[in-house]
Structure formats: structure tokens, C-alpha cells
Amino acid sequence: MTILPTQIKNQRVFLPGCDRVSVSMKRLDLWHPVVSGNKFFKLKYNLEAASKMGAKRIVTFGGAFSNHIAACAYACNNAGFESVGIIRGEELEFQERNATLRFAESCGMQLQFVSREIYSKKQLPFKIASTDFIIPEGGANEWGVQGCREILSESDSKFDFIAVSLGTGITAAGLSHALFPQQQLLVFSALKGALTDSDFFTFADAKRYRLFEQYHCGGYAKCPPELVHFINDFYKQNGFLLDPIYTGKMMFGLGDLVQNGFFKNGAKILAIHTGGLQAISGMNARLKANELLEIQTEL
Ligand SMILES: *Cc1c(COP(=O)(O)O)cnc(C)c1O
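Parameters at a glance
Residues numbered from 1 in each chain as written. Predicted model: local features only at pLDDT ≥ 70, side-chain atom pairs only at ≥ 80, totals over all residues. Heavy atoms only, no water. Pairing = 2+ DSSP bridges. Helix = DSSP H or I, 4+ residues; strand = E, 2+ residues; numbered from the N terminus. Axes fitted to C-alpha atoms, helices over the stretch in contact; angles between N-to-C directions. Contact = heavy atoms within 4.5 Å. Right-handed = clockwise from strand over helix to strand, strands pointing away. Parallel < 35°, antiparallel > 145°, perpendicular 65-115°, else oblique. Left-handed = near helix turned anticlockwise from the far one by under 90°. Nonpolar A, V, L, I, M, F, W, Y, C, P; charged D, E, K, R; others polar. Core = buried A, V, L, I, M, F, W, Y, C linked by side-chain atoms within 4.5 Å. Buried < 20%, exposed > 50% of the residue type's maximum accessible area, 1.4 Å probe, protein only. Domains from an automatic or database assignment. Buried area = accessible area lost by both parts, 1.4 Å probe.

> What is the right way to read the sheet that holds strand E5 (residues 109-114) from this model?
By definition, the strands of a sheet pair up through backbone hydrogen bonds, in either a parallel or an antiparallel sense. Pairing in this open sheet of 4 strands is parallel, and the strands run E5-E4-E3-E6 from one edge to the other. Each edge of the open sheet is held by one strand with a lone partner, namely E5 and strand E6 (132-135). Neighbour-to-neighbour, the strand axes of the sheet open up by a mean angle of 25 degrees, direction not taken into account. Contacting strand E3 (57-62), strand E4 (82-88), E5 and E6, helix H2 (residues 67-79) crosses the sheet at an angle of about 170 degrees to E3. Against the sheet, helix H3 (residues 99-106) makes contact with E4 and E5, and its axis sits at roughly 135 degrees relative to E5, the strand it touches most.

> I would appreciate a short explanation of the environment of aspartate 19 in the present structure.
Note that aspartate 19 resides in the loop between strand E1 (10-13) and strand E2 (22-27). When the C-alpha atoms of aspartate 19 and glycine 266 are compared, they prove to be 8.9 Å apart, with 247 residues separating the residues in sequence.

> Before we go on, may I ask you to explain unusual backbone geometry in this structure?
Note on backbone geometry: most residues besides glycine have negative phi, and most peptide bonds are trans. At lysine 122, a position not held by glycine, the phi torsion is positive, near 55 degrees. Here lysine 122 is to be found in the loop between helix H4 (116-120) and E6. The backbone of glutamate 291 shows a phi angle near 55 degrees, a positive value even though the residue is not glycine. Note that glutamate 291 resides in the segment after helix H10 (279-289).

> Just checking my understanding: could you explain the pairing of E5 for this structure?
A regular strand carries its side chains on alternate faces of the sheet. Here E4 pairs with E5 via 6 bridges, running parallel. Counterpart to valine 84 in the pairing with E5 is glutamine 110. As for the winding sense of the linkage, the β-α-β connection from E4 through H3 to E5 is right-handed.

> Looking at this structure, how should I read the packing of helix H1 (residues 37-52) against H2?
The axes of two packed helices give the description: the angle between them and the distance between them. Running from N to C, H1 and H2 cross one another at 50 degrees; their axes reach a closest spacing of 10 Å. By the angle between their directions, the pair H1 and H2 is classed as oblique. Here H1 and H2 pass one another in a crossing that is right-handed. In contact with Lys39, Phe40, Leu43 and Leu47 of H1, H2 contributes Asn67, His68, Ala71, Cys72, Tyr74, Ala75, Cys76 and Ala79. Here the contact of H1 with H2 is composed, by residue class, of 9 nonpolar, 2 polar and 1 charged.

> Honestly, the nonpolar core in this entry has me stumped. Any pointers?
What tends to happen in soluble globular proteins is that the nonpolar side chains get buried as a cluster. Of all hydrophobic cores here, the largest spans 56 residues; its most connected members are Ile58, Leu152, Ile162, Leu185, Val187, Phe200 and Ile272. By residue number, the principal contributor to this core is H2, which donates 7 residues. Looking at this core, you find at least three residues from each of domain 1 (10-32 + 152-289) and domain 2 (39-139). Non-local contacts of isoleucine 162, meaning those with residues more than four positions away in its chain, are made with Leu152, Leu179, Gln183, Gln184, Leu185, Leu186, Leu270 and Ile272. Counting residues in each nonpolar core, the second largest holds 41 residues, with Leu15, Leu241, Met250 and Ala279 among its members.

> Just to check I follow, could you spell out the domain arrangement of the chain for this structure?
Much of the literature gives interface size as the accessible area that the parts lose upon coming together. In terms of domains, the chain is made up of domain 1 (10-32 + 152-289) and domain 2 (39-139). Each of domain 1 and domain 2 has a C-alpha centre, and these two points are 26 Å apart. Each side of the interface is counted separately: domain 1 has 9 residues, and domain 2 has 9 residues. Area buried by domain 1 at its contact with domain 2 is led by Trp31, His32 and Gln278, which between them contribute 53% of it.

> How do you make sense of the sheet that holds E1 when you look at a structure like this?
As summarised here, the arrangement of the 6 strands in space is E1-E2-E10-E7-E8-E9, forming an open sheet in which the pairing is mixed. Taken across any chain shown, the strands that pair with only one partner, and hence form the sheet edges, are E1 and strand E9 (209-212). The mean angle between the axes of side-by-side strands here comes to 25 degrees, regardless of whether they run parallel or antiparallel. Direction of pairing for E2 relative to strand E10 (residues 268-273): parallel, over a ladder of 6 bridges. Within E10, the position partnered with serine 22 by the bridge is lysine 268. This element, helix H9 (residues 247-259), spans E1, E2, strand E7 (161-166), strand E8 (184-189), E9 and E10 of the sheet and lies at about 165 degrees to E10.

This is the structure in C-alpha cells:
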């Protein structure tokens, strides 16, 4: 597939109190304005497998704001597959499309809306054809993990810690298998509540990571003023944005660990910027409606 760039930039960043450690970010957000960088990695071997099996159509699942749906629609279009997105929420069918779903449709994805009940049972609203290839929600399978191993490259061996956020945990699981010998993976959950059923545990190398579950800032897709302040300060200091759902919370957590002496002097940390910046406009609309501080998008 041609959608993966060969060179991904690492950039030194400043976090408050981080003068005794060095923090860099791998800018997967730079590839595409809409599609999250880690999603391409999760799709790479799925689409390769589909191609080998002679599939014509990709069928996948997601919520109405799913970055995976947007990425899958885009990648399928690029790779010459038809695509169908099974979307959670039957009431959405006759509502105006949000930006994520509009984008998916503009890439040629056909959307099928199903009730939460049918969605949770992973039932398909149509009969599957022999030329259909199914990708689970969030690209959560072995092929997704395999692709995410390729996020790190040889030149990243100089870092002591790799930091990444967790949704399904597939990206983190892939990274856990790609670490260089002395490295440890720091995983920041974007979800509130116990992760017991997470695919992360199914696929990750258990000896190589530390999981932080206290930096969800109130829950998935919650964005309190302290997080907005953090993202706005980060933007002023570093000149690029963090998304409020994943990378913003990861960097907030990383900053907290730095300030609390988690790292030895001189530690080198590489945090993965997984993208997701298109979530900002929707989040700002919500913050504005509640008369809360908004994420600044211009300096
Ligand atoms: C999907 C996504 C994640 C989480 O990746 P998982 O593999 O599901 O854990 C992180 N950041 C962004 C921007 C995403 O879109």
C-alpha cells in the first residue's frame, strides 16, 4: 500500500519541568489532516490480507466519530476496495452527517446504521459475500498489531521510553513487540474504568509496558478546563496541536510523571503523536455550548 510514508519526523518538545529529561514526539499527525496516523499502520496488513484473499469489499465497524471509520474509508478508496461502515446508532441514519461520516462517505464508504444492541452483538445487517473482508472495530486484530510494530524505526533505539495513548490498545500492543532491548513502553489509557476486557492484554508483550489509568481526565472524550489549558500551553510552547481525546491526555500524564520525578535525570522519552486533530472542532463546539474554555487553534 502506498499510503504509508517512509520518513516520520521526531521533534523535540518542551513540557513544564522537563529540563532534566528529554522529550520528543513522533509526528504521525503530519501525514494527513483528517486521518489519524496510527490507523494507517493498523490497516496496512489488513488490506494486504484482503488483497491476497481476492476480497473486493471491506466491511468494518465504528461509532459516529470513529477515527478508524474515517481512516478505513480513505485507505480503501486509495487501495481500490469498496467499503462498508457499520455505524453504531440507528437514529443517525436520518440525521445530518457529522464531519467524520461526511468524510467517510466522500471516500465512497457506504454507511449502514444499526441499533446499539445489534452493534454490540457484532451482527451484520446484510449477508456477507465471499468477496467481503471484515476488519473489526478499531482494526483490533493480529494484522493491526503487526502493522503497529512498524511505527518505530532503527533510529528510535536511542530512546529509553516510548509513550503512547490507548483506545483499543492495538497500537500500544504493536509497539510493545517492537521495543529495543533497553526500552520500556508507557501506555496512557484514554478510557475510564477497568480495562480488563481490553484487546491490549490479548496482544501486548506483558513484560515490556507500564499502564497508567489515571489520566483519562474524567472519562473518554471528556475535556475539562485543566486539559484545555495544558493543550493551549503546549501549543504556545511547541507550535503544534494535541488532540483532546488521546495525545492531549497522554502528554498531560507524561508531564505529570516528569514533574513527580518518575524519570531519572537524562532519560530520553519518545511520545507517539497519533493524530486525531479533526476531533478539535467538534470538541470546541461542545465546549462553546457549555461556555467553557476552548482549544486554541491559531497562535
Ligand atoms: C485510534 C486512536 C488512538 C488509539 O489507538 P488504539 O490502537 O485504538 O489504542 C490514539 N490516538 C488517536 C488520535 C486515535 O485516533
